[in-house]
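# What the coordinates show
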Amino acid sequence: VQLQASGGGLVQAGGSLRLSCAASGRTLSGYSMAWFRQAPGKEREFAAAMFRSPSNTYYSDSVKGRFTISRDNAKNTVYLQMNSLKPDDTAVYYCAAAPRIILSSLRVPSAYDYWGQGTQVTVSS
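I will try to describe carefully the structure that is included in this document. Note that the structure is a prediction, hence the values are computed from the model and not measured.

### Things to note about the environment of Thr122
Summarising the element assignment, Thr122 is placed in strand S11 (residues 119-124). Overall, the relative accessible area of 29% leaves Thr122 in the partly exposed class. Residues Thr122 and Ala98 lie 24 residues apart in sequence; the distance between their C-alpha atoms is 27 Å. What Thr122 contacts, discounting residues up to four positions off in sequence, is Gly9, Leu10, Val11 and Thr90.

Here is the structure:
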């Protein structure tokens, strides 16, 4: 499956953005999906994930209550709605897909088989 992330940009603190991850080659309904982010000089970190089935969602403590992951199977796209953005949210955001994953591995980048190219999110103070 090929993933294409988009929707990043420059936004002021307190603003919102919606990231999209469009898939081609396979239907995303067969995959568990996640968003990771990587700030300059830091390791890639988990932000949000959604299991293939049931579609339970999981979030890092840093984004819980502000970010929402969702999927539209008809459009073969996964979204990350980001509200109340903070300067600390500045990073390159990556979407990832895994056909099989267990709960304990959801937050581990190496557990995912497919990655999008990343989209830059910059939050100004």
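That shown, we press on.
### What about the side chain of Arg71?
Tracing the sequence through the fold places Arg71 in strand S7 (residues 67-72). A distance of 2.6 Å separates the side chain of Arg71 from the backbone oxygen of Leu28, its partner in a polar contact. A polar atom in the side chain of Arg71 sits 3.4 Å from the backbone oxygen of Phe51. Not counting residues within four places of it along the chain, the set of residues in contact with Arg71 comprises Leu28, Ser29, Tyr31, Ser32, Met33, Met50, Phe51, Arg52, Thr77 and Val78.

### Section: the pairing of strand S4 (residues 32-38)
Where burial is concerned, most of S4 is hidden: six out of the seven residues are buried. The pairing of S4 with strand S9 (residues 91-98) spans seven bridges and is antiparallel. Bridge pairing in S9 places Ala34 opposite Ala96. In this sheet, strand S5 (residues 45-50) lies alongside S4 in antiparallel orientation, the contact comprising five bridges. By the bridge assignment for S5, Met33 is matched with Met50. Hairpin connection from S4 to S5: six residues lie between these consecutive antiparallel strands, with Gly41 at a positive phi of about 80°.

### Concerning unusual backbone geometry
A positive phi angle, close to 55°, is found at Asn76, a residue other than glycine. Inspection of the secondary structure puts Asn76 in the loop between S7 and strand S8 (77-82). Among the residues examined, Asn76 registers a relative accessible area of 14% and is labelled buried. Backbone geometry places Ser84, a non-glycine residue, at a positive phi of 50°. Counting through the fold element by element, Ser84 comes out in the loop between S8 and S9. According to the relative accessible area criterion, Ser84 is partly exposed, its value standing at 42%.

### Side note on the nonpolar core
Counting residues in each nonpolar core, the largest one holds 28 residues, and the members touching the most others are Leu3, Met33, Trp35, Ile69, Leu80, Met82 and Tyr93. Contributing elements (two or more residues each) for this core: strand S1 (2-6), strand S3 (17-24), S4, S5, S7, S8, S9 and S11. Setting aside its immediate chain neighbours within four residues, Met82 contacts Gly15, Ser16, Leu17, Leu19, Arg66, Phe67, Tyr93 and Val121. Formed by eleven residues, the second largest nonpolar core is a distinct cluster that contains Ala98, Leu106, Ala111 and Tyr112.

Definitions and cut-offs
- Residues numbered from 1 in each chain as written.
- Predicted model: local features only at pLDDT ≥ 70, side-chain atom pairs only at ≥ 80, totals over all residues.
- Heavy atoms only, no water.
- Helix = DSSP H or I, 4+ residues; strand = E, 2+ residues; numbered from the N terminus.
- Buried < 20%, exposed > 50% of the residue type's maximum accessible area, 1.4 Å probe, protein only.
- Contact = heavy atoms within 4.5 Å.
- Polar contact = N/O pair within 3.5 Å; in protein donor to acceptor, adjacent residues only side chain to side chain.
- Pairing = 2+ DSSP bridges.
- Core = buried A, V, L, I, M, F, W, Y, C linked by side-chain atoms within 4.5 Å.

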